[in-house]
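Below are the chains, spelled out letter by letter.
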Amino acid sequence: MSFNSNSDIWLAGAFAAFTVDLLVYPLDTLKTRIQSPDYRLNYKNANGSTKPALFRGLYQGIGPIVAITIPSSGAFFTTYEALKYGLNELTPPNSTLFVPQSAIHAVASGGAELVSCAILTPAEVIKQNAQILDRDSMGRKVSPTGYVFKKFLRQPSQLWRGYTALAARNLPFTALQFPIFEKLKMYFMERRKASNGGKPVEGIFERAIITAGSAAIAGSGSAWITTPIDVVKTRIMLAAGQESTKAKPEGSTQSWLTHGTTGDRKGGFVIARDILKHEGIRGLFRGAALRGGWTALGSGLYLGSYEGGRFYLEDQRKQKHEGDHVMQRDWSNVKVGIGASRSQGEKVKKSAWQDD
């Protein structure tokens, strides 16, 4: 029996997001700079060596992303758990319809991502544009986040540039990651249970460690595979900062579904084709190793913290219900609808679909 409420899931997800953002944000900044179209110009010397600017200001733009990822992560996990629970109701023994667990996890994570991305996109646009600013040329007293935000005051709709690209990256990523993650977690839980004499894994720390390891393995592989979409998403969001300073032509219409990297409103497929043409396949996988590494670390911390927080809150609720015999009773052996009836003194007739 689960004692988790929606507020427990929200708090656990928010705590996980806050923890991960603080620890792995510098790696995310490096990835954004490596994927930027001006990477070689801004961060490489003529002899091919790396400029020190690549490693400066690694926490630029963290403010809005921390503020927004807390509600967006809470919304993600609340939606994910609700969809997973609802879809499981469509499987036996509750229904004759068979739906594979991997499909349930993929659909649940995909629906949760659409909700999360709607909240996250503006902060992601501000964050990535702040990450590539050269703070030395701006002056130390100038806030990169504030500077970028002012650019968007002229065209605030530009903050939603890249929602489609963000969703297009996150949907296949989570559709790959979560089924693998859930499968690995179940596998490691069963192995640990078998090695522990059949006793279920109940320790909060132990569950968190197993969850973190499973998430790291699933996340790193999924991140590497979806890197080309991530590169396109980065280019679109960085272009939003450039276009926000340009006056909108009179009578023109804007579509944040088709914006590109140079103000030409190129779609994602056109951007990918341009990258292939000018940079080759390596251009689409720029930053793949770094992204895979920081995603392994980030996913492990993220889902490990979430699982640990969720079960800690569940444990607290269990303690509150101690002594409540109705809540503590094991209802698994209670049979409803089949068996002797006190009023009728005979068995209730089974439905046609039940076995004799």
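Rules behind the numbers
Residues numbered from 1 in each chain as written. Predicted model: local features only at pLDDT ≥ 70, side-chain atom pairs only at ≥ 80, totals over all residues. Heavy atoms only, no water. Helix = DSSP H or I, 4+ residues; strand = E, 2+ residues; numbered from the N terminus. Contact = heavy atoms within 4.5 Å. Salt bridge = Lys/Arg side-chain N within 4 Å of Asp/Glu carboxyl O. Buried < 20%, exposed > 50% of the residue type's maximum accessible area, 1.4 Å probe, protein only. Axes fitted to C-alpha atoms, helices over the stretch in contact; angles between N-to-C directions. Left-handed = near helix turned anticlockwise from the far one by under 90°. Nonpolar A, V, L, I, M, F, W, Y, C, P; charged D, E, K, R; others polar. Parallel < 35°, antiparallel > 145°, perpendicular 65-115°, else oblique. Phe/Tyr/Trp six-rings, centres within 6.5 Å; stacked < 30°, edge-to-face > 60°. Lys NZ or Arg CZ within 6 Å of the ring centre and 35° of its normal. Expected span 1.5 Å × (residues − 1). Arc of directions from axis to C-beta. pLDDT = per-residue confidence, 0-100.

1. Points about the overall build of the chain
Across its full length, the chain holds 13 helices and zero strands. In the chain, once contacts between residues fewer than 6 apart in sequence are set aside, the share between residues at least 24 apart is 77%.

2. Points about the pattern of salt bridges
Oppositely charged side chains are able to pair whenever their charged atoms sit close together. Across all of its chains, the model carries 16 salt bridges by this definition. The salt bridge partner of aspartate 28 is lysine 127, with a shortest N-O separation of 2.7 Å. Placement of the pair is aspartate 28 in helix H1 (residues 6-35) and lysine 127 in helix H4 (residues 101-131), with a sequence separation of 99 residues. An identical accessibility class is assigned to aspartate 28 and lysine 127; each is buried. Residue glutamate 182 pairs with lysine 84 through a salt bridge whose shortest N-O separation is 3.3 Å. Within this pair, whereas glutamate 182 is found in helix H7 (residues 163-195), its partner lysine 84 is found in helix H3 (residues 62-88), the two being separated by 98 residues in sequence. Judged by relative accessible area, which is 9%, glutamate 182 ranks as buried. Given a relative accessible area of 15%, lysine 84 falls into the buried group. Salt bridges sharing common partners tie together Asp28, Lys31, Glu124, Lys127, Arg169, Asp230, Lys233 and Arg291.

3. A closer look at the packing of H7 against helix H8 (residues 204-225)
Packing of H7 against H8 brings their axes to within 8 Å, and their N-to-C directions diverge by 145 degrees. Seen along the crossing, H7 lies across H8 with a hand that is right-handed. Each of Phe173, Leu176, Gln177, Ile180, Phe181, Leu184, Lys185, Phe188, Met189 and Arg192 in H7 lies in contact with H8, whose residues at this interface are Glu206, Arg207, Ile210, Thr211, Ser214, Ala215, Ile217, Ala218, Gly219, Ser222, Ala223 and Ile225. Residues of the contact of H7 with H8, tallied by class, amount to 13 nonpolar, five polar and four charged.

4. Considerations on the packing of H3 against helix H12 (residues 288-320)
Between H3 and H12, the least distance of the axes is 13 Å, while the angle of their chain directions is 70 degrees. Taken together, the axis directions place H3 and H12 in an arrangement best described as roughly perpendicular. At the point where H3 passes H12, the crossing takes the right-handed sense. Each of Ser73, Phe77 and Glu81 in H3 lies in contact with H12, whose residues at this interface are Tyr302, Leu303, Tyr306 and Arg310. Along the lines of polarity and charge, the residues of the contact of H3 with H12 split into four nonpolar, one polar and two charged.

5. A closer look at the environment of glycine 309
On the secondary structure map, glycine 309 appears in helix H12. On the basis of relative accessible area, glycine 309 is assigned to the buried category, the value being 18%. Sequence spacing of glycine 309 and alanine 208 is 101 residues, and the spatial spacing of their C-alpha atoms is 8.7 Å.

6. Some points on the packing of aromatic side chains
Scanning the model with the defined rule gives eleven aromatic pairs in all. Between tyrosine 25 and tyrosine 59, the aromatic rings sit 6.0 Å apart at their centres with planes inclined by 15 degrees, giving stacked as the arrangement. On the criterion of sequence distance, the pair formed by tyrosine 25 in helix H1 and tyrosine 59 in the loop between helix H2 (39-43) and H3 is long-range, its members being 34 residues apart. Owing to a relative accessible area of 3%, tyrosine 25 belongs among the buried residues under this scheme. Taken together, the ring pairs connect Phe76, Phe77, Tyr80, Phe178, Phe181, Tyr302 and Tyr306 into an aromatic cluster. The lysine or arginine in question, arginine 291, covers the ring of phenylalanine 173, its NZ or CZ lying 5.8 Å from the ring centre.

7. Looking at helix H10 (residues 268-279)
The end-to-end C-alpha separation of H10 is 16 Å, in line with the 16 Å expected for twelve residues at 1.5 Å each. Every buried residue of H10 is listed here: Ile271, Ala272, Asp274 and Ile275. The arc that holds every buried residue of H10, seen down its axis, measures 160 degrees, which confines them to one face. Across from the buried face of H10, at angles greater than 90 degrees, the exposed residues are Phe269, Arg273 and Lys277. Downstream of H10 by a residue or two, glycine 280 has a phi angle that is positive, lying close to 80 degrees.

8. So, the environment of isoleucine 68
Its location among the elements puts isoleucine 68 in helix H3. For isoleucine 68 and phenylalanine 18, which are 50 residues apart along the polypeptide, the C-alpha to C-alpha distance reads 9.9 Å.

9. Looking at the confidence of the model for the chain
Of the residues in the chain, 80% reach a pLDDT of 70 or more, and the chain-wide mean stands at 79. Scored below 50 in pLDDT, residues 247-264 makes 45 contacts in the model with residues more than four places away or belonging to other chains. pLDDT under 50 marks residues 326-356. Its contacts with residues more than four places away, or in other chains, come to 21 contacts.

10. What about the side chain of lysine 31?
Mapped onto the secondary structure, lysine 31 falls in helix H1. Residue classification places lysine 31 among the buried residues on the basis of a relative accessible area of 1%. When sequence neighbours within four positions are dropped, the list of residues in contact with lysine 31 reads Gln128, Arg169, Asp230, Thr234, Gly287, Leu290, Arg291 and Trp294.

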